Amino acid sequence: MQDWFDLAKKMDSLVLEAAATAGLEDTFTADIRTADPRFGDLQANGALPYAKRNKANPRQIGQSIVDLLEKNEDLTSKVEITLSGPGFINFKFKADFLQDWLKTFSGSEQLKKAAAHLQENETVVVDYSSPNTAKQMHIGHLRSLIIGESICKLLAFCGAKVIRDNHIGDWGTAYGRLFYAYKRFLDEENLEANPLGELERLYKLGSKLATEDEEVVKESREELVKLQSEDPEAMALWEQVNGHSIDGIKRVYELFDISFDHYLGESFYRNMVEQVYKELEESGLGEESEGAWVVFHPEHKRYATQPFMYRKSDGASNYATTDLATMLYRAEHFKASSIIIETDFRQKDHFEQLELTTQKWFEKTGRTFPKFSHVFHGTIMGENGKAMASRTGEPVLLKDLIAESIERAEKIVREKNDEKIAKGQAALAEEEIVAAAKVIGTSSIRYAELSQNRTSDYVFAWDKLLSFEGNTAPYLLYAATRIKSIFRNFEAADLENLADKASNIETDEELALARKILGFVGVLQQTVETLRPHLLCTYLFELAGAYSSFYNANKVIVPEADIQSRRLMLCQRTLDVLETGLGLLGIPTLERM
RNA sequence: GCGGUAGUAGCUCAGCUGGAUAGAGCAACGGAUUUCUAAUCCGUGGGUCGGGGGUUCAAGUCCCUCCUACCGUGCCA
């Protein structure tokens with residue numbers, strides 16, 4: 001039974017085996033996918049394209065495979081096999097099999113253990129969030145942080161070794177102006193209370209003064225030159241500013257319960273740029289153009305003429321240089337088999353050029369090029385169709401966004417609680433209300449972010465984000481809470497080994513729920529392959545829907561012990577998958593809400 | 001100019017990389033509640049998948065061509 005965890009994979013191998021026995025060429029692919037529930041659970045569509053390529057009759061090809069599969073008694077005891085339409089092979093799992101599966105893969109630990117082979121032996125460096133220092137985190141930083149963290153959790157769950165690396169922008173040209181202002185206008189109290197706010201204020205002040213006064217520009221440039229030549233005094237100030245900056249950033253991460261393994265910002269790579277210059281020149285990839293050093297890719301339609309500049313005409317490095325050094329460090333020091341960078345879609349060109357360049361550079365120097373993925377996301381739009389901003393035109397700060405979300409959530413929790421009191425139901429204690437509001441508030445922001453296809457822009461609307469209906473975090477949290485509420489009627493011992501005491505699942509709602517639970521593995525795999533968490537969200541929403549339908553139509557606590565056991569078992573498995581899935585999105589469940 | 005990402009129900013979005021009669025949620029309308037938490041469930045109506053052409057057994061999905069929005073395109077990151 002263990003090899004049935006990944007149903008699509010199992011069916012794929014069985015169909016391929018049958019195809020080979022039937023004498024089909026090895027160009028045959030099973031093409032397993034989830035089927036429309038009308039037809040079954042899974043379907044194999046491979047007969048159609050194969051027949052087309054070989055000018056054969058697809059139904060005959062399909063029939064020859066079905067005939068062979070039918071001879072496998074172990075298989076036919078589990079699955080109903082039918083051929084239909086132009087040559088689709090449909091598989092419908094029998095109720096006994098659903099039951100066996102639920103019995104075998106019980107509990108989130110079991111799920112995790114079984115999932116751990118999907119990405120085993122992978123070492124993945126994930127670069128996400130990566131804000132610039134000396135600026136407060138605002139709504140523009142939200143997507144990378146939330147999506148990146150979820151990707152990390154997904155990969156780790158599937159058995160990968162994950163290294164969370166925050167590639168902060170801490171060595172940019174902004175420092176000259178910041179230092180100029182810092183030395184003259186620092187408000188120490190504010191720095192203590194709100195380090196990022198104060199640094200941002202100083203940076204803006206320095207920038208403003210520079211536009212008004214040539215002398216400021218000159219002095220700022222001198223500050224930057226001192227820093228880049230690693231003048232001790234400038235470095236000490238930089239260390240101090242950076243320390244405050246990272247403290248401020250971490251305060252925001254704490255609100256989301258996120259932490260990084262490394263903060264290897266651009267500054268970390270400053271002494272490796274010489275090696276990049278040298279190797280790119282020696283390998284013949286780099287060339288001088290208009291006074292700067294660049295890489296062209298003649299085979300590429302656009303990058304044949306659009307340069308990848310890694311050294312400016314004044315001899316200084318830029319972010320291409322540090323990114324190249326970063327690729328090298330991640331490959332050699334972390335021995336990454338895969339590198340993922342999560343940013344805004346506007347940096348697509350840069351990362352395509354980075355990938356092409358690094359690939360050639362590593363090839364010429366005999367290094368192994370890890371798998372590279374630039375995972376990008378669209379813009380969060382305001383309701384006016386432009387990038388999200390507050391009334392003053394400034395981007396909304398993340399700490400304010402979360403605070404408002406929690407506040408709104410608390411209001412709703414209190415309203416619902418008052419209704420409970422009015423109906424004479426058990427009310428939530430004050431701490432429970434506050435804790436629930438915190439979970440609901442932050443989870444709502446997270447889920448709104450993750451449930452969107454990341455490549456698209458999306459419209460941010462408070463009423464949608466905090467809507468407690470539809471495909472939202474509260475809907476899922478509520479489903480989990482109802483399950484736990486049922487369990488509170490039992491002693492822990494009553495809930496053990498339910499599968500052994502259960503009769504066969506039989507109602508439509510029980511069967512539909514069981515099928516949905518089995519679908520988790522396929523969705524997990526697809527989510528990890530495409531690095532698109534919204535696939536998991538869609539699934540969890542459907543799972544919660546299947547549970548709610550079941551809950552409304554089938555009473556769990558009933559006099560018949562065997563029926564009660566099987567329904568409790570379904571509740572347990574639903575909760576396992578729900579908690580596991582929500583956990584991968586960074587969302588904890590609640591006991592009561 | 002070149003290139004990228006989008007355009008699917010009134011609104012917000014899915015659509016598993018070419019599969020069977022295009023799906024959800026919200027909003028609208030009709031129903032279910034002596035509750036294992038109704039923050040729920042069941043049902044109804046709603047579509048020229050931006051327009052046009054093409055490829056094939058099969059196109060929302062692929063190729064061409066227009067239209068619209070946002071974005072990138074040599075010294076910011």
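Residues numbered from 1 in each chain as written. Chains lettered and ligands numbered in written order. Predicted model: local features only at pLDDT ≥ 70, side-chain atom pairs only at ≥ 80, totals over all residues. Heavy atoms only, no water.

With an unreviewed UniProt entry as reference, chain A is termed Arginine--tRNA ligase, source organism Pelagicoccus mobilis. You can read under Subunit (unreviewed entry) in the UniProt record for chain A the words "Monomer." Taken from UniProt, the Sequence similarities (unreviewed entry) comment for chain A reads in full: "Belongs to the class-I aminoacyl-tRNA synthetase family." (UniProt positions renumbered as here; feature names shortened; annotations may be inferred.)

### Observations concerning the side chain of N554
Mapped onto the elements of the fold, N554 is located in the loop between α23 (534-553) and α24 (561-584). Overall, the relative accessible area of 4% leaves N554 in the buried class. Looking at N554, its side chain comes within polar contact range of the side chain of E509, at 3.3 Å. Excluding anything up to four places from it in sequence, N554 contacts T507, E509, E510 and R567. (Helix = DSSP H or I, 4+ residues; strand = E, 2+ residues; numbered from the N terminus. Buried < 20%, exposed > 50% of the residue type's maximum accessible area, 1.4 Å probe, protein only. Polar contact = N/O pair within 3.5 Å; in protein donor to acceptor, adjacent residues only side chain to side chain. Contact = heavy atoms within 4.5 Å.)

### Points about the pattern of salt bridges
In total, this model carries 35 salt bridges according to the counting rule given. In the salt-bridge network here, residues are joined through shared partners; they are K484, R488, E579 and E591. (Salt bridge = Lys/Arg side-chain N within 4 Å of Asp/Glu carboxyl O.)

### With respect to the protein's contact with RNA strand B
Taken together, 66 residues surround RNA strand B, and among them R33, E266, K464, Y478 and S485 come closest. Near the protein, within 4 Å, the atoms of RNA strand B are sugar or phosphate in 61% of cases. D349 places a polar side-chain atom, nitrogen or oxygen, 3.2 Å from a sugar or linking oxygen of RNA strand B. In this structure, V459 approaches RNA strand B through a main-chain N or O atom, which is 3.1 Å from a phosphate oxygen. Considering every element that reaches the surface near RNA strand B, the biggest residue donor is α23, with 8 residues. Class assignment for the residues of the surface near RNA strand B results in 21 nonpolar, 26 polar and 19 charged. (Near = heavy atom within 4 Å. Nonpolar A, V, L, I, M, F, W, Y, C, P; charged D, E, K, R; others polar.)

### Side note on the UniProt feature "domain: DALR anticodon binding" (unreviewed entry) in chain A
With numbering matched to this structure, UniProt assigns "domain: DALR anticodon binding" (unreviewed entry) to residues 476-593. The distance separating the terminal C-alpha atoms of residues 476-593 is 12 Å; by composition the span is 69% helix and 0% strand.

### Digging into the packing of aromatic side chains
The full count for this structure, using the stated rule, is 23 aromatic pairs. An angle of 85° between the planes, with centres 5.7 Å apart, marks the rings of Y329 and F334 as edge-to-face. For Y329, a relative accessible area of 17% corresponds to the buried category. When the centroid spacing of 5.7 Å and the interplanar angle of 50° are considered together, the rings of Y547 and F550 count as tilted. Taken together, the residues Y547 and F550, both in helix α23 and 3 residues apart, mark about one turn of the helix. For the pair Y547 and F550, one class covers both residues: buried. Cluster of aromatic residues (ring-pair linked, three or more members): Y128, Y253, F260 and Y263. (Phe/Tyr/Trp six-rings, centres within 6.5 Å; stacked < 30°, edge-to-face > 60°.)

### Comments concerning the sheet that holds strand β6 (residues 161-165)
Strand order across the open sheet formed by 4 strands is β6-β5-β10-β11, with parallel pairing between neighbours. The open sheet has two free edges, formed respectively by β6 and β11 (371-377), since each of these has just one partner strand. Geometrically, the sheet is characterised by an average inter-axis angle of 20° between neighbouring strands, direction not taken into account. Pairing of strand β5 (residues 123-127) with β6 involves 5 bridges; the strand directions are parallel. What sits directly across from D127, in β6, is D165. Taken strand by strand, helix α7 (residues 142-157) contacts β5, β6, β10 (338-344) and β11, and its axis lies near 160° from that of β6. (Pairing = 2+ DSSP bridges. Axes fitted to C-alpha atoms, helices over the stretch in contact; angles between N-to-C directions.)

### Observations concerning the UniProt feature "short sequence motif: 'HIGH' region" (unreviewed entry) in chain A
In this structure's numbering, the residues bearing the UniProt feature "short sequence motif: 'HIGH' region" (unreviewed entry) are residues 131-141. End-to-end, the C-alpha atoms of residues 131-141 are 7 Å apart, and along that stretch the chain is 0% helix and 0% strand.

### Observations regarding helix α21 (residues 508-518)
All of the buried residues along α21 are E510, L511, L513, A514, I517 and L518. Down the axis of α21, the sector holding all buried residues measures 165°, keeping them to one side. Residues of α21 that are buried in the fold lie against α1 (7-21), α5 (95-104), α22 (520-530), α23 and α24. (Arc of directions from axis to C-beta.)

### With respect to the sheet that holds strand β4 (residues 88-93)
Taking strand neighbours across the sheet as the criterion, the 4 strands line up as β1-β2-β4-β3 in an open arrangement whose pairing is antiparallel. At either end of the open sheet lies a strand with only one pairing partner, and these are β1 (32-34) and β3 (79-84). On average, adjacent strands in this sheet sit at an angle of 25° to one another, irrespective of strand direction. Alignment of β1 against strand β2 (residues 42-44), held across 3 bridges, turns out to be antiparallel. When the sheet's bridge partners are listed, I32 is paired in β2 with A44. Lying over the sheet, helix α3 (residues 58-70) contacts β3 and β4, oriented at roughly 165° with respect to β3.

### Points about helix α14 (residues 319-332)
Taking 1.5 Å as the rise per residue, α14 with 14 residues should run 20 Å; its terminal C-alpha atoms sit 20 Å apart, in good agreement. Counting buried positions along α14 yields 12 of 14 residues, so the element is predominantly enclosed. By the burial criterion, the buried members of α14 are A320, T321, T322, D323, L324, A325, T326, M327, L328, Y329, R330 and A331. You can read the cap of α14 off the contacts: a side-chain oxygen lies 3.1 Å from the backbone nitrogen of A320, and it is on N318. (Expected span 1.5 Å × (residues − 1).)

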